Amino acid sequence: MSEVFVLAQFVGDKVAKTTGELATCGARIGDVTAIVLAAPGKGAALASQVTSGRIAKVVVIESADFDKFGVSASAAVLAHIVGEHKPAALLITSSAFGKELAGCIAVLTDSGLITDAVDVSSELVATQIVFGGSSTVHSRVSHGSAIITLRPNSVTPDLEKSSPEILNVSVAVGESAKHAEVISSQPPVAEGRPELTEAQIIVSGGRGTNGDFGPVETFADLLGAAVGASRAATDAGWYPHSHQVGQTGKTVSPQLYVACGISGAIQHRAGMQTSKTIVVINKDPEAPIFELADFGVVGDLFSVLPQASEGVKAHKS
Amino acid sequence: MNIAVCVKQVPDSWAEKKMNGGVLDRQGVDAVLNDLDEYAVEEALRIVEAHGGNGEGGANTITVISMGPERTADAVRKALSMGADAAIIVTDAALAGSDALATSKVLAKVIEGGKFDLVICGTESTDARMSVVPAMIAQRLAWAQLTFAGSVVVDAGAVTITRVTEAGVDTMKAQFPAVISVVEKINEPRYPSFKGIMAAKKKPVEIKDLASLGIDASQVGTAGAWSTVVDATPRPPKAAGIKIVDDGNGGKALVDFLVVKKFL
Ligand SMILES: Cc1cc2nc3c(=O)[nH]c(=O)nc-3n(C[C@H](O)[C@H](O)[C@H](O)COP(=O)(O)OP(=O)(O)OC[C@H]3O[C@@H](n4cnc5c(N)ncnc54)[C@H](O)[C@@H]3O)c2cc1C
C-alpha cells in the first residue's frame, strides 16, 4: 500500500482538529504517516496527541529553526523527507502558512500542487470549489508526490483512535532556508470561543452592527459559535482583523453561518460560501447575501438577534 | 535600490467567471489589474519615496513584471501610471494554462535576469486564489521570503516586515535580496493622476517570449502543468431558501428554523 504524509497541525500545544481531517483523507489513499515539526523538547508531548483517524506512524522532527525561520525552514525539512520517501501524497491544512509551505515543497521536490481542496478521493482526485462557488473542479497531480492543501472543516474526521508508532528523526535545516528570520511573534489572543476555521457554527457581524457586536456575541455564545466579521467591521476597528471572513480574511465552511448586517460583497462570499447552511439577517431585502441564504430574515439585527437569543435560551431550558 | 513588482491581469472580480475545457475562460470578461497587486505597486512607491525617489533623478527604480496574454499590457499600464518606471511582460502562446509552478518559474527567470534587491507581490490573485506564487518565487531564487506583510520597513539593505496571518503577528527581518508580499490593509493605493497616465504612455515596456528567457515550452502551459483537471462542472445555483420579513417574530422564526435543522 502506498504511503501518505500528513502534516500534523497544532494550536499552541494542542493538536488541531484539522489533523484528524487530514488523516481521514490520507487513510483513503494509503498508510498514513503524520509528521510533527516541533521546537526542541516539545515533540513527544505533541506527538502523543496525534491519535485521531487511522494513523500508522508519527514522525517527530525537532528543531529550533522552525520557529526561527518560518515557512522556509519547515519547507526545507518536509521537502527532504518527501524526496527521500516519495509518498503518494503530502496533505497539509489550507492556511496562509500551509499553502506557502505546500508551494515551496512543490518547487523543491518537483511535484504538482493543488490548494484549497474540499475533498480528496482514494484515487487522489481532489475536489475544489472555485469562482465564487459557481464551479466544482476535480483534478489530480500528474508529477511527483501530490502536494495537496485541504480546507479546514471540509471532511468529517474519522472518530477511530489509533496508537501509532512514534519515531524521532533528525533533519538539519540548510543555510538557504535561513534568509528571513523571525524576530518576534505574537500568537493570536485566545478568547474562549472556538477557533474560526474549526468552528461548527459562526455568527458574523458587518457594518450593520454599527460597531456594537454585543447581540452577535451573545447569540454566538448561546450556540457555542465563533464570531466572524466583514471587512467593513474590521476596517472600522470594531472587531480584530483575525476574525475577518473573506478573500483577504479567513475561508470558513462551518455547518452553520449566520450573517448579520453583512451585504454579501463578492470578497466576503469568497470566504464563506461553502458553509453548509447559511442564515441571514439584513434590513435590506435586496442585499445580495440573501442569494446564499437557506433562511433569511429581512429585519433589524438589533431586534431579531436578541429575540432569537431569548428563543435559544427558552429552547434550552 | 531596484524593486520589481509582480502583477497579474485578472477577470474583473464582479464579472461572472466561466470554465472552458478545464481552464478559466479569460476571453469573454473584462480584465483588470488584480486588486491586490495595487497594494504592492503602492508599497513600492512608498518605499522609494522614503529613499530618494524613482524616475528621473531618483535613486531607485521600480519595474513591473507580468506574465500573461498580450492584453496584459493594459493592467501593466495602470501600474506604470501609478508611478512605476518600466515594465517587462512575458507573453507566449505556450504559456496558456500554466500552473503556479510554471508561473513562478517564468517570473523567477525574469527577476534573475535583472539586478533587483526587492520583489514585491500582492498576497494572491483574485482569480486563482492560491496565494503561493510569491513564496514559490522566493524558493526558486533561494531569496529571503517575507510574505503577508502588514507593514514594511526598508533600511540599509535590509527589510523588516510584520507578517499578519491567522497564526498571529510575526516580525521578520532579512537582508536583500528578498521577496515580500503585502496584505491589503498595508496602504491605500493611489489613483493614477492625469500626469501619471500621460507619462505612462512613454514608459518602456519590454515584451519577452519563452525563447528569450531560455525556458522550454514543454515546461510551462497545459503541457508542463503538474496537475490536470479531470472535470469542471458548474454548480447548480443554490436552491432558493426561505425568506421572511420580520413582523416582530423574525427572531422566533429563526430559532424554529435552527430547531428543524437540528442545530438546537
Ligand atoms: C481587495 C479587497 C479585498 C476584500 N476582502 C474582503 C474580505 O476578506 N472580507 C470582507 O468581508 N470584505 C472584503 N472586502 C470588502 C467588500 O468588498 C465589502 O466592502 C465588505 O464586505 C462590506 O462589508 P459589510 O457587508 O459589512 O458592509 P456593507 O456592504 O456596508 O453592508 C452592510 C449591510 O448591513 C445591513 N444593515 C445595516 N444596518 C442593519 C441593521 N440594523 N440590521 C440589519 N442589517 C443592517 C445593510 O442593509 C447592508 O446590507 C474586500 C474588498 C477589496 C477591494
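Not measured: the values here are computed from a predicted model.

Moving on, we come to the pattern of salt bridges. Tallied over the full model, the rule gives 24 salt bridges over all chains. Salt-bridge contacts for A:Glu21 lead to A:Lys17; the nearest nitrogen and oxygen are separated by 3.6 Å. Of the two residues, A:Glu21 and A:Lys17 are both situated in helix α1 (residues 17-29); the distance of four residues between them amounts to about one turn of the helix. Residue A:Glu21 is classed as buried on the basis of its relative accessible area, which comes to 2%. Residue A:Arg193 is joined to A:Glu217 by a salt bridge in which the shortest nitrogen-to-oxygen separation is 3.6 Å. Here A:Arg193, found in the loop between β13 (180-186) and β14 (201-205), pairs with A:Glu217, found in helix α5 (residues 214-223); they are 24 residues apart in sequence, far enough to count as distant. Residue classification places A:Arg193 among the partly exposed positions, given a relative accessible area of 23%. Here the salt bridges share partners, and the residues they tie into one network are A:Arg231, A:Asp235, B:Glu184 and B:Lys185.

Turning next to the nonpolar core. Of all hydrophobic cores here, the largest spans 40 residues; its most connected members are B:Leu118, B:Ile120, B:Leu146, B:Val152 and B:Val159. Ranked by residue count, the leading element in this core is helix α1 (residues 35-49) of chain B, at eight residues. Those residues in contact with B:Val152 that lie beyond four places of it in its chain are B:Glu43, B:Ile47, B:Val159, B:Thr160, B:Ile161, B:Ile180, B:Val182 and B:Ile186. Counting 34 residues, the second largest nonpolar core, distinct from the first, contains A:Val71, A:Ala106, A:Leu113 and B:Met136.

What follows covers the site of the ligand. Taken together, 28 residues surround the ligand, and among them A:Arg207, A:Ser230, A:Thr248, A:Ser263 and A:Asn282 come closest. Those chains with residues close to the ligand are chains A and B. A:Gly261 is positioned with one of its backbone polar atoms (N or O) 3.0 Å from an oxygen atom of the ligand. Within the contact set of the ligand, an oxygen atom lies 2.7 Å away from a side-chain nitrogen or oxygen of A:Asn282. Within the complex, 82% of the 980 Å² of free accessible area of the ligand lies under protein. Every element with two or more residues in the shell around the ligand is listed here: α6 (231-235), α7 (266-272) and α8 (301-316) of chain A together with α1 of chain B.

Here we come to the interface of chain B and chain A. Every contact between the two is made by 73 residues of chain B and, on the other side, 86 residues of chain A. Three residues stand out in chain B for area buried against chain A, namely B:Glu166, B:Trp226 and B:Arg235, and they jointly supply 11% of the buried area on that side. Where chain B meets chain A, there are three salt bridges. A salt bridge links B:Arg163 to A:Glu100, with the shortest nitrogen-to-oxygen separation between them at 3.1 Å. Between chain B and chain A we count 33 residue pairs in polar contact (both at pLDDT 80 or more) in total. Within the residue set of the side of chain B that touches chain A, elements represented by two or more residues are α1, α4 (133-141), β9 (144-155), β10 (158-165), β11 (168-175), β14 (227-234), β15 (242-245) and α8 (250-260) of chain B. For the side of chain B that touches chain A, the leading source of residues is α8(B), giving nine residues. Here β13(A) runs beside β11(B); their pairing, made up of six bridges, is antiparallel. What sits directly across from A:Ser184, in β11(B), is B:Thr171.

A separate point is a nonpolar patch on the surface. A surface patch of nonpolar side chains, amounting to about 310 Å² of accessible area, comprises B:Phe194, B:Ile197 and B:Met198. Assignment of secondary structure puts B:Phe194 in helix α5 (residues 194-200).

Residues and elements named next belong to chain A. Domain annotation of chain A identifies domain 1 (3-177) and domain 2 (196-316). Relative placement of domain 1 and domain 2: their C-alpha centres are 31 Å apart. In this assembly, eleven residues from domain 1 lie in contact with ten residues from domain 2. For the pair domain 1 and domain 2, the two sides together bury roughly 830 Å², of which 42% comes from carbon and sulfur. At the surface where domain 1 touches domain 2, the tally comes to six residue pairs in polar contact (both at pLDDT 80 or more). Among the residues making up the side of domain 1 that touches domain 2, the classes are represented as four nonpolar, five polar and two charged.

With that settled, consider the packing of α1(B) against helix α2 (residues 72-82) of chain B. Residues and elements named next belong to chain B. Where α1 meets α2, the closest approach of the two axes is 10 Å, and the angle between their N-to-C directions is 30°. Compared by their axis directions, α1 and α2 come out roughly parallel. When you trace α1 past α2, the crossing you get is right-handed. When α1 is examined against α2, the residues Glu38, Val41, Glu42 and Leu45 are found in contact with a partner set consisting of Lys78, Ala79 and Met82.

Residues three or four positions apart in an α-helix share a direction because the helix packs 3.6 residues into each turn. What α8(B) keeps buried is the set B:Gly250, B:Gly251, B:Leu254, B:Val255, B:Phe257 and B:Leu258. Viewed end-on, α8(B) has its buried residues packed into an arc of 155°, placing them on one side of the element. Structurally, α8(B) contributes buried residues whose contacts are with α5, β16 (256-260), β17 (277-282), β18 (295-298) and α8 of chain A together with β15 of chain B.

Turning our eyes to something else, we now look at the sheet that holds β18(A). Taken together, six strands build an open sheet; the order of strands is β15(A)-β14(A)-β16(A)-β17(A)-β18(A)-β15(B) and the sheet is parallel. Two strands in the sheet have a free side with no partner beyond their single neighbour: β15 (226-229) of chain A together with β15 of chain B. When the angles between neighbouring strand axes are averaged without regard to direction, this sheet yields 15°. Bridge count between β17(A) and β18(A): four bridges; the pairing is parallel.

Before going further, it helps to examine the environment of B:Val255. Locating B:Val255 in the fold gives a position in helix α8. Excluding residues within four positions of it along the chain, B:Val255 makes contact with A:Ala308, A:Gly311, A:Val312 and B:Leu264.

What counts and what doesn't
In every chain, residue numbers begin from 1 and rise along the written sequence. For this description, chains carry letters from A and ligands carry numbers from 1, given in the order in which they are written. Totals for whole chains, interfaces and linings use every residue, but because this is a predicted model, local features are given only for residues with pLDDT of at least 70 and side-chain atom pairs only at 80 or more, for both listing and counting. Side-chain descriptors were evaluated using all non-hydrogen atoms of the structure, hydrogens and water having been removed beforehand. For salt bridges, the criterion is a side-chain nitrogen of Lys or Arg within 4 Å of an Asp or Glu carboxyl oxygen. Think of it this way: any DSSP run of H or I at least four residues long counts as a helix, any run of E at least two long counts as a strand, and we number them from the N terminus. Each residue gets one of three labels from its accessible area relative to the maximum for its type: buried under 20%, exposed over 50%, partly exposed in between, using a 1.4 Å probe on protein chains only. Residues belong to one nonpolar core when they are buried, are Ala, Val, Leu, Ile, Met, Phe, Trp, Tyr or Cys, and are joined through side-chain atoms within 4.5 Å. Here a residue-residue contact requires only that any non-hydrogen atoms of the pair lie within 4.5 Å. A cutoff of 4 Å decides nearness: a residue is near a molecule or strand if any of its heavy atoms lies inside that distance of it. In protein, a polar contact requires one atom able to donate a hydrogen and another able to accept it; more generally it is a pair of N or O atoms within 3.5 Å, and residues adjacent in sequence count only if both atoms are side-chain atoms. Per-residue and other accessible areas were derived by the Shrake-Rupley procedure at a 1.4 Å probe size, with only the shown protein chains allowed to occlude residues. When two parts are brought into contact, each loses some accessible area as probed by a 1.4 Å sphere; the total of that loss over both is the buried area. Two strands are said to pair when DSSP picks up at least two bridges between them. Patch members must show over 30% relative accessible area and no salt bridge, and they are joined within 9 Å when carrying like charges or within 5 Å when they are nonpolar side chains of Val, Leu, Ile, Met, Phe, Trp or Tyr. Per the annotation, domain bounds derive from an automatic or database assignment of domains. Gly is put with the polar residues, along with every residue not named as nonpolar or charged; the nonpolar set is Ala, Val, Leu, Ile, Met, Phe, Trp, Tyr, Cys and Pro, and the charged set is Asp, Glu, Lys and Arg. Fitted lines through C-alpha atoms serve as axes, helices being fitted only where they are in contact, and the angles separating the N-to-C directions of these axes extend from 0 to 180 degrees. Note on terminology: angles under 35 degrees are roughly parallel, angles over 145 are roughly antiparallel, angles of 65 to 115 are roughly perpendicular, and the others are oblique. Helix crossings get a hand from a simple test, with the near helix turned counterclockwise from the far one by less than a right angle marking a left-handed crossing and a clockwise turn marking a right-handed one. Comment: arc refers to directions from the helix axis out to C-beta atoms.

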